[in-house]
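Listed below, chain by chain, are the residues.
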Amino acid sequence: MAFNGTWKIDRNENYEKFMEAMGINMMKRKLGAHDNLKITIQQDGNKFTVKESSNFRTLDIEFTLGVNFEYSLADGTEVTGSWKMEGDKLVGAFTRKDNGKVLTAHREIIGDELVQTYVYEGVEAKRFFKRG
């Protein structure tokens, strides 16, 4: 339940290169790097409710660990996949509907930060969130 709470974006590492690998155009990459993302996570056993709020959209997502669901990334890319727990880390594997390639994501608490790590086509990016 360590994930519970509201998290505000603090900084990114290699996020623009990651978005480029994902095929996101330059204008959307520039906007995405400054999206002012806020995530609110509520865990109840194996069920999660996540609210994502940014400069571009607000989205409510509900998922159960180990159960596939569909999701649309901020740029409109459609994916399907699931999250699972590995120790204290949320690990997700999502397959793009347009090309069948896999995007992996990890969420973990390191110190007082929520760290989201994304990997696509060998390009890794991290987004760091502070409680807010």
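Residues numbered from 1 in each chain as written. Predicted model: local features only at pLDDT ≥ 70, side-chain atom pairs only at ≥ 80, totals over all residues. Heavy atoms only, no water.

Q: Would you take a moment to explain the sheet that holds strand S6 (residues 78-86) for this structure?
A: Strands sit in the order S4-S3-S2-S1-S10-S9-S8-S7-S6-S5 across an open sheet of 10 strands; the sheet is antiparallel. One side of each edge strand has no neighbouring strand; the edge strands of this open sheet are strand S4 (58-64) and strand S5 (69-72). Geometrically, the sheet is characterised by an average inter-axis angle of 30° between neighbouring strands, direction not taken into account. Across 6 bridges, strand S1 (residues 5-13) lies against strand S10 (residues 123-131) in antiparallel orientation. In the sheet register, Glu-13 faces S10, and the bridge partner there is Lys-126. (Pairing = 2+ DSSP bridges. Helix = DSSP H or I, 4+ residues; strand = E, 2+ residues; numbered from the N terminus. Axes fitted to C-alpha atoms, helices over the stretch in contact; angles between N-to-C directions.)

Q: Looking at this model, I keep getting lost on the pattern of salt bridges. Mind explaining?
A: Throughout the structure, instances matching the rule amount to 13 salt bridges. Between Glu-70 and Lys-97 there is a salt bridge, with its nearest N and O atoms 3.1 Å apart. With a gap of 27 residues between them, Glu-70 in strand S5 and Lys-97 in the loop between strand S7 (89-96) and strand S8 (102-110) connect regions that are remote in the sequence. Salt bridges linked by common partners bring Asp-10, Arg-11, Asp-112, Glu-113 and Lys-130 together as one network. (Salt bridge = Lys/Arg side-chain N within 4 Å of Asp/Glu carboxyl O.)

Q: Could you clarify how one ought to interpret the pairing of S6 in this entry?
A: In regular strands, side chains alternate between the two faces of the sheet. Where S5 lies against S6, 4 bridges are found, and the strand directions are antiparallel. Bridging from a neighbouring strand, Tyr-71 pairs with Val-79 of S6. Hairpin connection from S5 to S6: 5 residues lie between these consecutive antiparallel strands, with Gly-76 at a positive phi of about 100°. Across 8 bridges, S6 lies against S7 in antiparallel orientation. Residue pairing for S7: Met-85 is matched across the bridge by Leu-90. Between the antiparallel neighbours S6 and S7 lie 2 residues, among them Gly-87 with a positive phi of about 65°.

Spatial relationships are all this shows, so hold off on functional conclusions.
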